[in-house]
Amino acid sequence: MPELPEVETARRALALDLPGRTVTEVRGRPVALRRPLEPERLARALVGRRLAAPRRRGKHLLLDVEGGGSLLLHLGMSGRLMLVSDPGPALAPHTHLVLRLDHDRELRLVDPRRFGLAHWLAPGEETHDPALSHLGIEPLDPSFPAIFPSLGRGRRASVKALLLDQRIVAGVGNIYAAEALWRSGLRPGRAAGAISCGRLERLARALQAVLEEAIAAGGTTIRDFAAPNGELGMFAFSLRVYGRDGEPCPTCQTPVLRTVIAGRSTFWCRRCQR
DNA sequence: CCAGTATCCTGCAGGC
DNA sequence: TGCCTGCAGGATACTG
């Protein structure tokens, strides 16, 4: 579900409320997420500590604690954070972790498919954790369009696979890869290394634009994404090809294709994308 | 090293 | 109506 714009939307909502709050209680069960959730370790690390401003790295959130250490969160495919007043609504099914905060608030992690992650990073562990240490460049970094073409050099895999590879670019998923490739007129299945630098730079700029627009719209809600405050993402209305197979391409009216590239559903226009 | 595939898990839509 | 299949916004361990 959540790609960079959805995680950034979540971060911004949390940034309004979390800084300065103290964690008063941690509840959870040792459920098997991507890594086993360790409620007792999280409780030892978090209870009695004040939270600082949340950070984002790729699709990860980092809830820093005053005095050092961070709660590393990843929402996987179906994860969702809820920030509710306490007592809030009944716990949603698949609520794996609850942080009670002072000032009568609760932060809940809900993740039916359990591909997500909630892991305590002690001071110093952040730089070594494999979830973070292998991440590539942030696509919203101003230097990204200049650097991206060199990252594609020599690669025989598809340009779509290049965008989805978190070790190359951190935060792009299936939706925004499709939209950026359509906007830049690039065929998703083309070998990345065979594309000119100029066109890769254009792709990088298109990706920046689509990510920024999606953040401004509060992300994309297809099925169940919502910000921690419950707001739905409005960018679904702006998707041009993702999920639109058979519908006319907004530019040329040719029906949008759905094929499988890099193991994922891929939506594109055979006429506009070369 | 690189690229492609299988796998983890639940929920839901669509076909019969 | 109900059952079955396939597919879903991700990451990673494995294969060749």
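Residues numbered from 1 in each chain as written. Chains lettered and ligands numbered in written order. Predicted model: local features only at pLDDT ≥ 70, side-chain atom pairs only at ≥ 80, totals over all residues. Heavy atoms only, no water.

## Examining the overall build of chain A
Heads up, the condition is: A run of H or I in DSSP counts as a helix once it spans at least four residues, and a run of E counts as a strand once it spans at least two, with each numbered from the N terminus. When we talk radius of gyration, it's over C-alpha atoms, and the globule rule is simply 2.2 Å times the number of residues to the 0.38. Partly exposed describes any residue whose relative accessible area lies between the buried limit of under 20% and the exposed limit of over 50%, with all areas from a 1.4 Å probe on protein chains only and scaled to the type maximum. Throughout, a contact is declared for two residues whenever any of their heavy atoms are within 4.5 Å.
Per the secondary structure count, chain A includes seven helices and 10 strands. Against the 2.2 N^0.38 benchmark of 19 Å for 274 residues, chain A shows a C-alpha radius of gyration of 20 Å, consistent with a compact globule. Along the longest, intermediate and shortest principal axes, the C-alpha atoms of chain A span 55 × 35 × 30 Å. Across the 274 residues of chain A, 52% fall into the buried class. Taking as baseline every contact in chain A between residues at least 6 positions apart, the subset at least 24 positions apart corresponds to 64%.

## Some points on the protein's contact with DNA strand B
Rules: Throughout, the term near means that a residue has one or more heavy atoms lying within 4 Å of the molecule or strand in question. A 3.5 Å cut-off defines polar contacts: any pair of N or O atoms within that distance qualifies, except that in protein one atom must be a possible hydrogen donor and the other a possible acceptor, and neighbouring residues in sequence count only when both atoms are side-chain atoms. The residue classification treats Ala, Val, Leu, Ile, Met, Phe, Trp, Tyr, Cys and Pro as nonpolar and Asp, Glu, Lys and Arg as charged. All others, Gly included, are polar.
Taken together, the residues surrounding DNA strand B are His-94, Pro-112, Arg-113, Arg-114, Phe-115, Arg-155, Arg-156 and Ala-157. Atoms of DNA strand B within 4 Å of the protein: sugar and phosphate make up 63%, bases the balance. A distance of 2.9 Å separates a base oxygen of DNA strand B from a polar side-chain atom of Arg-113. Within the contact set of DNA strand B, a phosphate oxygen lies 2.8 Å away from a backbone nitrogen or oxygen of Arg-156. Partitioned by chemical class, the residues of the surface near DNA strand B number three nonpolar, one polar and four charged.

## Description of the side chain of Thr-221
Along the chain, Thr-221 turns up in the loop between α7 (197–216) and β9 (257–261). Side-chain polar atoms of Thr-221 contact the backbone oxygen of Phe-225, separated by 2.9 Å. Within the structure, the side chain of Thr-221 is placed 2.7 Å from the backbone nitrogen of Gly-233, a separation counted as a polar contact. In this structure Thr-221 touches Leu-232, Gly-233 and Ala-236, once residues within four positions along its chain are discounted.

## Some remarks on the sheet that holds strand β3 (residues 60–64)
Filter applied, for reference: A pair of strands counts as paired when DSSP detects no fewer than two bridges linking them. A fitted line through C-alpha atoms serves as each axis, taken over the contacting stretch for helices, and the angle formed by two N-to-C directions is quoted from 0 to 180°.
A sheet is described by the order of its strands in space; here four strands give the open sequence β2-β3-β4-β8, paired in antiparallel fashion. Each having just a single partner strand, β2 (55–57) and β8 (117–121) make up the two edges of the open sheet. Across this sheet, the average inter-strand angle for adjacent strands is 25°, counted without regard to direction. Where strand β4 (residues 70–74) lies against β8, five bridges are found, and the strand directions are antiparallel.

## A short note on the domain arrangement of chain A
In many analyses, interface size is given as the accessible surface area lost on bringing the parts together. The following threshold applies: Here the limits of each domain have been adopted from an automatic or database domain assignment. A side-chain nitrogen of Lys or Arg and a carboxyl oxygen of Asp or Glu constitute a salt bridge if their distance falls within 4 Å.
Here chain A is partitioned into domain 1 (4–128) and domain 2 (144–268). Computed over C-alpha atoms, the centres of domain 1 and domain 2 are 28 Å apart. At the interface, 16 residues of domain 1 touch 18 residues of domain 2. Applying the counting criterion to the domain 1 and domain 2 interface returns zero salt bridges.

## Here we look at the nonpolar core
Rules: In this text, buried Ala, Val, Leu, Ile, Met, Phe, Trp, Tyr and Cys residues form a nonpolar core when linked through side-chain atoms within 4.5 Å.
Within the largest apolar cluster, 29 residues are counted, with the highest numbers of intra-cluster contacts made by Phe-148, Leu-163, Leu-203 and Leu-207. Put simply, the parts of the chain that give this core at least two residues each are α4 (144–151), α5 (159–164), α6 (174–183) and α7. Sort the elements by how many residues they give to this core and α7 lands first, with eight residues. Excluding residues within four positions of it along the chain, Leu-207 makes contact with Pro-139, Phe-144, Leu-163, Val-172, Tyr-176 and Ala-180. One finds Ala-10, Leu-33, Leu-63 and Leu-75 within the second-largest nonpolar core, a separate group that totals 28 residues.

## Considering the pairing of β9
Pairing between β9 and strand β10 (residues 264–268): five bridges, direction antiparallel. By the bridge assignment for β10, Leu-257 is matched with Trp-268. In this antiparallel pair of consecutive strands, β9 and β10, the connection spans two residues, and Ala-262 shows a positive phi of 55°.

## Here we look at the pairing of strand β5 (residues 80–85)
Burial analysis of β5 places five of its six residues in the buried class, the great majority of the element. Inspection of the sheet shows β5 paired to strand β7 (residues 105–110) by six bridges, in the antiparallel sense. Bridge pairing links Ser-85 to Arg-105 in β7.

## A look at the pattern of salt bridges
Applying the stated criterion to the full structure yields 21 salt bridges. Two residues, Glu-66 and Arg-50, come together in a salt bridge whose shortest N-O distance is 3.1 Å. Placement of Glu-66 in the loop between β3 and β4 and of Arg-50 in the loop between α2 (39–46) and β2 is noted, with a sequence separation of 16 residues between them. Given the relative accessible area of 37%, Glu-66 is considered partly exposed. Across the pair Glu-201 and Arg-205 runs a salt bridge whose closest N-O atoms are separated by 2.9 Å. Of this pair, Glu-201 and Arg-205 both sit in helix α7, four residues apart, which is roughly one turn of the helix.

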